[in-house]
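Chain and residue survey
Listed below are the residues making up each chain.
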Number of protein chains: 2
Amino acid sequence: MANLTMKKTKTTDLSLRSKAFKTTRRRNNEVAAEDYSELIADIIEERGEARVGHIADHLGVSHVTALRTIRRLQEEGYLFTSPHKPVELTAKGKKVAEFSKERHELLLSFFLKLGVPKKVAEVDVEGVEHHISKETLGYIRRFMERC
Amino acid sequence: MANLTMKKTKTTDLSLRSKAFKTTRRRNNEVAAEDYSELIADIIEERGEARVGHIADHLGVSHVTALRTIRRLQEEGYLFTSPHKPVELTAKGKKVAEFSKERHELLLSFFLKLGVPKKVAEVDVEGVEHHISKETLGYIRRFMERC
DNA sequence: AAACAAATGTAGCATTTACTACATTATGCA
DNA sequence: TGCATAATGTAGTAAATGCTACATTTGTTT
Ligand SMILES: [Mn+2]
Ligand SMILES: [Mn+2]
Ligand SMILES: [Mn+2]
Ligand SMILES: [Mn+2]
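Fair warning: this is a prediction, and the values are worked out from it, not measured in the lab.

1. What about the overall build of chain A?
What chain A contains, in helices and strands, is 7 helices and 2 strands. Starting at the N terminus and walking to the C terminus, you meet the elements of chain A as α-α-α-α-β-β-α-α-α. For 147 residues, the compact-globule estimate of 2.2 N^0.38 gives 15 Å, and chain A exceeds it by more than 25% at 19 Å. C-alpha atoms of chain A, sized along the principal axes, occupy 60 × 40 × 25 Å. Across the 147 residues in chain A, those meeting the buried criterion constitute 48%. A separation threshold of at least 6 residues defines the contact pool for chain A, and within that pool the share at least 24 residues apart is 53%. Surface exposure of chain A reaches about 8,200 Å², of which carbon and sulfur atoms provide 54%. Both charge centroids of chain A, one from 27 positive and one from 22 negative side chains, sit 8 Å from each other.

Given below as structure tokens:
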């Protein structure tokens, strides 16, 4: 009640707030695709191939959890594999990996520029990265350039 | 293989990376407590009491989803309520709400200082805030002071 | 080649968060 | 007071992500 006239109140209005929460939930649904793609590309570069076990080890989850998520990501077209074979990225997965890696590295260097110690920055970036819009990423990029 | 000597390789080593993923998963388990506490405090301040329906509306979820999460948060000691009564915060919930609100506002003003438009910043902050360590928050606070 | 070890896969379970459809309780106004 | 509406609660379902225990497959080493 009150606020029938679209006038701004001192606090965030309901529609902008629910939009923020909804966008956040949508982004959370893309986290696995981004982290797995980025990680798989990285492992392939490091060691030639990415096995379920490597992926699980790097994520710190059981190989069963990794396996199931890998299957879902295959359904969704990010990667492909077959029983007892390494995991490979599709074109879509490679694109996500490349974008995610760039974003990860930009945010990491941004945090480091603020003075955050590397170990702390690495941890924070791993969670933060999925919630930074491309628009915000642009402003961060400009900040890095001019400072 | 290789890397038996603790020497740094050019890429992030396995243990730091899995630690980052693990911390991120732990933080994701605290998101509801933080968002709900912050939101409930806000609604109580705005309208005197927080009803399940208000909370659901602001989050953009069904009232059933809000209800179930409220029950879990009651078990965990963040809030209390009883059937058909408004939701109230415990001391623990109030502490989380206060901290979360301060963090939210600091990050929002940080994003605005970088030039991010308010509507974009609001959305990004809603997701990002849960993944910023207290340590990083300190560096951001210092940045805001000196700029 | 057989045995062993490592990697991968399966079965079964739990938690969190989401929904719709329907039931009940509370509230407000006629 | 009683009815209609709004608010809240319940039932039942689903998806994503986590686990342990056990089974099978693959690769290595005698
Ligand atoms: Mn990440
Ligand atoms: Mn990352
Ligand atoms: Mn939030
Ligand atoms: Mn918030």
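2. Quick word on the domain arrangement of chain A
Residue and element names in this part refer to chain A. Domain assignment breaks chain A into domain 1 (2-90) and domain 2 (93-146). Computed over C-alpha atoms, the centres of domain 1 and domain 2 are 16 Å apart. The partner domain 2 presents 13 residues to the 16 residues of domain 1 that form the contact. Together, the buried faces of domain 1 and domain 2 total about 1,200 Å²; carbon and sulfur atoms form 51% of this surface. In terms of surface lost to domain 2, no three residues of domain 1 exceed R27, E34 and E38, which account for 48% of the buried area on that side.

3. Some details on the relation of the copies chain A and chain B
Between chain A and chain B, the superposition needs a rotation of 180° and an axial shift of 0.0 Å, giving an RMSD of 0.0 Å. Read as a symmetry element, the transformation amounts to a two-fold axis. Using C-alpha coordinates, one finds that chain A approaches the rotation axis most closely at A:V128, a distance of 2.5 Å. In this assembly the copies share their binding face: 100% of the residues contributing to the interface of chain A also contribute to that of chain B.

4. Topic: the protein's contact with DNA strand C
Of all residues adjacent to DNA strand C, which total 19 residues, the nearest are A:R25, A:R51, A:L67, A:R71 and B:R68. Close to the protein, within 4 Å, the atoms of DNA strand C are drawn from sugar and phosphate at a rate of 58%. Within the backbone of B:S62, a nitrogen or oxygen atom sits 2.9 Å from a phosphate oxygen of DNA strand C. One of the side-chain nitrogen or oxygen atoms of B:R72 is found 2.8 Å away from a phosphate oxygen of DNA strand C. Residue assignment for the surface near DNA strand C shows that the elements contributing at least two residues are α3 (52-59) and α4 (63-75) of chain A together with α4 (63-75) of chain B. Ranked by the residues each element gives to the surface near DNA strand C, the list is headed by α4(B), at 5 residues.

So, how was this worked out
- The residue numbering used here restarts from 1 in each chain and proceeds along that chain's sequence as written.
- Written order decides the labels, with chains lettered from A and ligands numbered from 1.
- Only residues with pLDDT of at least 70 are given local features in this predicted model, and only at 80 or more are side-chain atom pairs given and counted; all residues enter the totals for whole chains, interfaces and linings.
- Processing note: side-chain calculations cover all non-hydrogen atoms of the structure and skip hydrogens and water entirely.
- Numbering goes from the N terminus for both helices and strands, where a helix is a DSSP run of H or I of at least four residues and a strand is a run of E of at least two.
- The size measure is the radius of gyration over C-alpha atoms, and the globule rule it meets is 2.2 Å times the number of residues to the 0.38 power.
- Working definition: with a 1.4 Å probe on protein chains only, accessible area under 20% of the residue-type maximum means buried, over 50% means exposed, and in between means partly exposed.
- Contact criterion: two residues are considered in contact whenever any of their non-hydrogen atoms come within 4.5 Å of each other.
- Per-residue and other accessible areas follow the Shrake-Rupley method at a 1.4 Å probe size, with only the shown protein chains counted as cover for residues.
- As used throughout, the charge tally considers Lys and Arg to be positive and Asp and Glu to be negative, leaving His and the chain termini uncounted.
- Lys charges are placed at NZ, Arg charges at CZ, Asp charges at CG and Glu charges at CD.
- Either an automatic procedure or a domain database provided the assignment from which the domain bounds are taken.
- In this description, buried area is defined as the sum, over both parts, of the accessible area (probe of 1.4 Å) that is lost when the two are combined.
- We place the copies in one frame by least squares, fitting the C-alpha atoms of every residue whose pLDDT is at least 70 in both.
- Only a single heavy atom is needed: when it lies within 4 Å of a molecule or strand, its residue is near that molecule or strand.
- As used in this structure description, the phrase polar contact means that two N or O atoms lie within 3.5 Å; if the pair is within protein, one of them must be able to donate a hydrogen and the other to accept it, and residues adjacent in sequence are counted only when both atoms belong to side chains.

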